[in-house]
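As a plain string of letters, each chain reads:
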Amino acid sequence: MATIVSEKLSRLFISAQHFWKVPQLLEEALPSLSCTVGVLDVPRLFRKPYIHTGYRPVNRTWRYYFLSLFQRHNEAVNVWTHLVAALVLLVRFWQLARTVDFRGDPHAQPLFIIAASSIVYATFSAVAHLLQAKSEFWHCAFFFLDYVGVATYQYGSALVHYYYAIEPAWHARVGGFYIPGAVLLAWLSCAGSCYAKYRCPHLSSLMGRLCQEVPSAVAYALDISPVLHRIYSSSSSGLADPAVLYHKCHVLSFLVGAFFFACPYPEKWFPGKCHFVGQGHQIFHVFLTLCTLTQVEAVLLDYGTRQPIYSRLHGGLAPLFSALCLLLVV
C-alpha cells in the first residue's frame, strides 16, 4: 500500500514539474517580441500611413505567422477583434439553431445566409490580418479572400433587409431590381477592392481609394435603403417597434466604422504613437462588429414578428434569393 501511494505521489510531483515548465516552453516556441521590424524593412505593399514600426518580417515560416497570434505587432488587434467576433457569432447562431428550423422553414433561409456570411467575413478577416505578412503574393491572396468574405456579407445583409425589414411601400419601388442590383454591386465591391490591392504600388492613393470605396458605398446605399425607409416610416407612424432601435444602432455603428476605415485617424493626429493600439482600422473593426451584432438582433426580431408581411411580399422566393449567394461566391 505504501509503495502504491509513493508511486502516485511521485507521478504527481513529475506532473507538477511539467506544469511549471509550460511558461518556459511557450516562451521558446513563440517568436520573440523583438522580431518586429520598422517600416523601411518591409515592401511598400505592407506599409501603413503613420505606422513606423511593429511590422513582421516577410518570408518567415508559416509557423512564425501562426504563432504571432500571441505576440505584439501592428496587426494583432485587427486579428483578435474579428477572431473574437467570429467566435461570438458562432455561439449565437449555434444557440439559434436549436429553435429555428433552417431546413424545414423556407422563410428561415435568409437568416441562415446572414449567419453564415457574418461568421465567414469575420473569420476571413482575422486570417488575412494574421497571415498576410508572409510575402507580397500571400498578402494579396489573403486580402482577396477577405474581400470575398466582405462581399458575401454585403449580399447577406441586403438579403435580410429586403426579406425581413422592408415595408410594402418600399418593396413596390425597388422590388424589380433590388436583389440583382445587390448581387452586382457586391461583386463590383469585391472586384474594385481586389484591383486596388493588386495595383496598390502603381495607383495613386486617391485612385486606390476610389476603386475600393465607391463600389462599396453604392452597394451600402442600396442594401440599407429598406432599413432607412423602415426607420422613417416608424418615426412617422409613432408606433412602437423594438427592432427599429437595433436597426438604428446598426446603421450608426456602420457609419462610424466607415469613417475610421476611410480616414487614418487617430494615427494621423499622433504619428508614431499608434503602432500597436489605436489605429483607425482597429476602431473600424470594433464598430463593424457592433454593427453586425446589432443587425443580427434586429433581423431576429423581424423574423419573429413580421412573418405576415414578408411571407405575403416574397412568397416562395427565399430559396432563389439564398441560392444567389452561392452564385456570388463562385
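Just so it is clear, the model here is predicted, and its values are computed rather than measured. (Residues numbered from 1 in each chain as written. Predicted model: local features only at pLDDT ≥ 70, side-chain atom pairs only at ≥ 80, totals over all residues. Heavy atoms only, no water.)

1. A few points about the overall build of the protein chain
Let me state the cut-off plainly: Going along the chain from the N terminus, every DSSP run of H or I of four or more residues is numbered as a helix, and every run of E of two or more is numbered as a strand. Relative accessibility decides the category of a residue: with a 1.4 Å probe and only protein chains considered, values under 20% of the type maximum give buried, values over 50% give exposed, and everything between is partly exposed. Here a residue-residue contact requires only that any non-hydrogen atoms of the pair lie within 4.5 Å.
Across its full length, the protein chain holds 13 helices and zero strands. Split into buried and exposed, the 330 residues of the protein chain put 47% on the buried side. Within the protein chain, counting contacts between residues at least 6 apart in sequence, those at least 24 apart form 73% of the total.

2. A short note on helix 4 (residues 76-96)
Let me state the cut-off plainly: One less than the number of residues in a helix, times 1.5 Å, gives the span that helix is expected to have.
Counted at 1.5 Å a residue, the expected span for helix 4 with its 21 residues is 30 Å, and the 30 Å between its end C-alpha atoms agrees. Among the residues of helix 4, Ala76, Asn78, Val79, Thr81, His82, Ala85, Ala86, Leu89, Phe93 and Leu96 are the ones counted as buried. Along its buried surface, helix 4 packs onto helix 5 (109-131) and helix 11 (280-305).

3. Here's the deal with the UniProt feature "transmembrane region" (unreviewed entry) in the protein chain
Put simply, the rule is: UniProt positions are given in the numbering used here, feature names are shortened, and annotations may be inferred rather than shown by experiment.
UniProt records the feature "transmembrane region" (unreviewed entry) at residues 77-97, 109-131, 143-165 and 177-198, using the numbering of this structure. For the annotated span residues 77-97, helix accounts for 95% and strand for 0% of the residues, and the straight-line distance between the end C-alpha atoms is 30 Å. The span residues 177-198 shows a helical share of 95% and a strand share of 0%, and its end C-alpha atoms are spaced 31 Å apart.

4. Comments concerning the pattern of salt bridges
Definition in use: A side-chain nitrogen of Lys or Arg and a carboxyl oxygen of Asp or Glu constitute a salt bridge if their distance falls within 4 Å.
The final tally for this structure, using the stated rule, is seven salt bridges. For the salt bridge of Glu75 with Lys48, the shortest nitrogen-to-oxygen distance reads 3.3 Å. Linking Glu75 in the loop between helix 3 (62-67) and helix 4 with Lys48 in the loop between helix 2 (22-29) and helix 3, this pair joins segments that are 27 residues apart in sequence. Exposure remark for Glu75: the relative accessible area of 5% places this residue in the buried category. Notably, a salt bridge pairs Glu167 with Arg306, separated by 3.4 Å at the nearest N-O pair. Of this pair, Glu167 sits in the loop between helix 6 (136-165) and helix 7 (168-174) while Arg306 sits in the loop between helix 11 and helix 12 (307-314), placing them 139 residues apart in sequence.

5. Comments concerning the environment of Gly54
Mapped onto the elements, Gly54 comes out in the loop between helix 2 and helix 3. C-alpha of Gly54 to C-alpha of Arg72: the two residues are 18 residues apart in sequence and 7.8 Å apart in space. Apart from residues lying up to four places away in sequence, Gly54 is in contact with Thr36, Val37, His73, Asn74 and Phe276.

6. A short note on the UniProt feature "binding site: Zn(2+)" (unreviewed entry) in the protein chain
Definition in use: For the purposes of these results, a polar contact is taken to be a pair of N or O atoms within 3.5 Å, where, inside protein, one atom must be able to donate a hydrogen and its partner to accept one; residues adjacent in sequence count only when each atom of the pair is a side-chain atom.
Here the UniProt feature "binding site: Zn(2+)" (unreviewed entry) sits at His129, His281 and His285. A maximum C-alpha distance of 11.5 Å places the annotated residues, which cover 157 residues in sequence, within one compact spot. Sequence-distant contacts of His281, that is, excluding residues within four places in its chain, are made with Asn78, His129, Phe260 and Phe261. Relative to the helices and strands, His285 is located in helix 11. Classification of His285 as buried rests on a relative accessible area of 1%. In contact with His285, other than residues within four places in its own chain, are Asn78, Thr81, His82, Ser125 and His129. Of the polar contacts made by the side chain of His285, one reaches the backbone oxygen of Asn78; its length is 3.2 Å.

7. Describing the packing of helix 6 against helix 11
What counts is decided by this rule: An axis is simply a line fitted to the C-alpha atoms; with a helix, the fit covers only the stretch in contact. Between two such axes, the angle follows the N-to-C directions and lies from 0 to 180 degrees. Angular relationships are summarised with four words: roughly parallel below 35 degrees, roughly antiparallel beyond 145, roughly perpendicular across 65 to 115, and oblique for the angles in between. Two helices crossing with the near one rotated counterclockwise from the far one by less than a right angle form a left-handed crossing, whereas a clockwise rotation gives a right-handed crossing.
Look at helix 6 against helix 11: their axes get within 10 Å of each other, and the N-to-C directions meet at 30°. The angle between the axes of helix 6 and helix 11 places the two elements in the roughly parallel class. Crossing angle aside, the handedness with which helix 6 passes helix 11 is left-handed. In this structure, helix 6 uses Tyr153, Ser157, Val160, His161, Tyr164 and Ala165 to contact helix 11, whose residues at the interface are Cys291, Thr292, Gln295, Val299, Asp302 and Tyr303.

8. Observations regarding the side chain of Lys197
Note the following rule: Charge counting follows a simple rule: Lys and Arg are positive, Asp and Glu are negative, and His as well as the terminal groups are ignored.
Looking at the element boundaries, Lys197 is found in helix 8 (residues 178-198). Despite its burial, Lys197 remains without a salt bridge, the nearest opposite charge being carried by Glu75 at 7.9 Å. Once residues lying within four places of it in the same chain are set aside, the contact partners of Lys197 are Leu45, His139, Cys140, Phe143, Phe144 and Tyr147.

9. Overview of the environment of Trp62
Position of Trp62 among the secondary structure elements: in helix 3. A C-alpha to C-alpha distance of 7.4 Å links Trp62 and Lys134, two positions 72 residues apart in sequence. When residues no more than four places from it in sequence are discounted, the contact partners of Trp62 are Leu131, Lys134, Trp138 and Phe142.

10. Some remarks on a nonpolar patch on the surface
For clarity, the cut-off: Only residues above 30% relative accessible area that lack a salt bridge enter a patch, with like-charged residues linked at up to 9 Å and the nonpolar side chains Val, Leu, Ile, Met, Phe, Trp and Tyr linked at up to 5 Å. Each accessible area is a Shrake-Rupley result for a 1.4 Å probe, and residues are judged covered by the shown protein chains and nothing else.
A surface patch of nonpolar side chains, amounting to about 430 Å² of accessible area, comprises Phe70, Trp80, Val84, Val88 and Leu293. Looking at the nonpolar patch, the element that brings in the most residues is helix 4, giving three residues. Take Trp80: it is sitting in helix 4.

11. Description of the packing of aromatic side chains
Here is the rule: Only Phe, Tyr and Trp rings are paired, with Trp represented by its six-membered ring, and only when their centres lie within 6.5 Å; those with planes under 30 degrees apart are stacked, over 60 edge-to-face, the remainder tilted. Here, over-ring charges are defined by two tests on the NZ atom of lysine or the CZ atom of arginine: distance to the ring centre within 6 Å, and angle to the ring normal within 35 degrees.
Taken as a whole and assessed by the stated rule, the structure comprises 20 aromatic pairs. A network of ring pairs unites the aromatic residues Tyr162, Tyr163, Tyr164, Tyr178, Tyr303, Tyr310 and Phe321 as a single cluster. When the ring centre of Trp94 is taken as origin, the NZ or CZ atom of Arg98, which lies over that ring, is 4.1 Å away. Of note, Lys197 hangs over the ring of Phe143, and the distance from its end group to the ring centre comes to 4.6 Å.

12. Notes on the packing of helix 4 against helix 5
Note the following rule: Here the term charged refers only to Asp, Glu, Lys and Arg, the term nonpolar to Ala, Val, Leu, Ile, Met, Phe, Trp, Tyr, Cys and Pro, and the term polar to all other amino acids, Gly among them.
Where helix 4 contacts helix 5, the two axes come as close as 8 Å, and the packing angle between them is 155°. Accordingly, the angle class assigned to the pair helix 4 and helix 5 is roughly antiparallel. Two packed elements cross with a definite hand, and for helix 4 against helix 5 that hand is left-handed. Counted together, Asn78, Val79, His82, Leu83, Ala85, Ala86, Leu89, Leu90, Phe93 and Leu96 of helix 4 and Leu111, Ala115, Ser118, Ile119, Tyr121, Ala122, Thr123, Ser125, Ala126, His129 and Leu130 of helix 5 form the full contact between these two elements. A class-by-class count of the residues in the contact of helix 4 with helix 5 yields 15 nonpolar, six polar and no charged.

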